[in-house]
Amino acid sequence: MEEELVIYGLSVNANETIEEIVKKSVIMEKLGFQFVWVADLPSQRYSPAIASVIAEKTKRIRIGLGLLSPFLHSPSQIAHSLITLTTFYGDRFELCIGPGDKDQLKRVGVESSKLDNIPKLLLKAKEEIVKELRRNMLKVRIWLGAQGPKILRLARFFDGVLLNYAHPRFVSWAIKKISLPSKYSVQVGIYAPSYIYLKKEEEPYQLLRLSSLIVATGTSNSVLKKFNLYDKVAKAKEELEKGLTPEEILSHYPSDFVEDFAIYLHCTELDGYLSKLEEIGVKHVVFGYPQNFSLKTIQDLAHSLFKL
């Protein structure tokens, strides 16, 4: 597949109805997005099932699965989902695997803190997926979902790395951490909560703050300490551990953190932001929830992107 310099994708909200997800995915394709990404919510929906419905109703748009955690779904299960999707809908699918969100995993009984040597387990899972795909004569691009230095070191064994933070200084640091010899070809992308607006609306903005809080509290301590954010995020983490919900602690969560962990820009500012990302080597940008909040927020983003 011939690719443009930067590939733009938009994620769907797995909390919505199947009908709404499909409706928005069809519109994304018509508006010119190259990718739709389907996140996995362990306690609610399995992303390959959502992907199959999207593929049924679309023709060209590529579909990303993930982040999928091999600590929840076995490598064989993930591989066979890809095989089934490709058999029925063609070579339109890509995969992102990573450890997964600790809280989401905990809800379904997986304690990631008890897993021994997560990088090694993750790499083994990737190799098993590739082996199963090769048996069926398939090659699928596999992305690594990463943020901290330990997982970033695995980059050379993957086709690409998707970072879940948005600020260029975070991204520059990560790219330096995964700097590879020339024989390795690894694409770097970001997959972050987003709200690109023509006229700001309060509801998607508050959802963006909530999403950025979830990303911040899930960010590795090494990254937070590197950027002097550990103390600010630690309080939120403590309150979450006490049983409070992200919604309950949002009111005293610093709003300026949105700039670090989300893409929050007026339409006129998007060009400059994307240019910075391209300069440092980013080739794939996935605009995450709540950018798909409504048809209007999707259209605002498409207008900002495709007039560039």
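Cut-offs used in this document
- Residues numbered from 1 in each chain as written.
- Predicted model: local features only at pLDDT ≥ 70, side-chain atom pairs only at ≥ 80, totals over all residues.
- Heavy atoms only, no water.
- Axes fitted to C-alpha atoms, helices over the stretch in contact; angles between N-to-C directions.
- Helix = DSSP H or I, 4+ residues; strand = E, 2+ residues; numbered from the N terminus.
- Parallel < 35°, antiparallel > 145°, perpendicular 65-115°, else oblique.
- Contact = heavy atoms within 4.5 Å.
- Phe/Tyr/Trp six-rings, centres within 6.5 Å; stacked < 30°, edge-to-face > 60°.
- Buried < 20%, exposed > 50% of the residue type's maximum accessible area, 1.4 Å probe, protein only.
- Lys NZ or Arg CZ within 6 Å of the ring centre and 35° of its normal.
- Expected span 1.5 Å × (residues − 1).

*Asks:* Tell me about the packing of helix α8 (residues 202-218) against helix α10 (residues 230-241), and name the residues and values.
*Replies:* Two elements in contact, α8 and α10, have axes whose closest approach is 9 Å; the angle formed by their N-to-C orientations is 95 degrees. Relative to α10, the element α8 lies roughly perpendicular. Residue-level contacts link L213, A216 and T217 of α8 to V233, A236, K237 and L240 of α10.

*Asks:* So, the packing of aromatic side chains: which residues are in play, and what are the values?
*Replies:* Per the counting criterion, the structure on display carries 13 aromatic pairs. Arranged with centres 5.8 Å apart and planes meeting at 15 degrees, the rings of F35 and W37 form a pair that is stacked. The two residues F35 and W37 agree in class, both being buried. Put simply, the rings of Y165, F170, W173, F227 and F261 touch in pairs and so form one group of aromatic residues. Over the face of the ring belonging to Y205 we find K200, whose NZ or CZ atom lies 3.9 Å from the ring centre. Positioned above the aromatic ring of Y230 is the side chain of K225, whose terminal nitrogen or guanidinium carbon lies 5.1 Å from the ring centre.

*Asks:* I'd love a proper account of helix α3 (residues 75-89), names of residues and values included.
*Replies:* The first and last C-alpha atoms of α3 sit 21 Å apart over 15 residues, in line with the 21 Å expected at 1.5 Å per residue. Those residues of α3 that sit buried are P75, I78, A79, S81, L82, I83, L85 and T86. On its buried face, α3 is in contact with α2 (47-57), β3 (62-68), β4 (93-97) and α5 (118-135). Phi for G90, located one or two positions after α3, is positive at around 90 degrees.

*Asks:* Explain helix α14 (residues 295-306) to me, using residue names and the numbers behind them.
*Replies:* In this model α14 runs 16 Å from its N-terminal to its C-terminal C-alpha over 12 residues, within 8% of the 16 Å that 1.5 Å per residue would give. Burial in α14 covers these residues: T297, I298, D300, L301, A302, S304 and L305. Tucked inside the fold, the buried residues of α14 contact β1 (7-11), α1 (18-31), β7 (187-197), α13 (270-279) and β9 (282-288).

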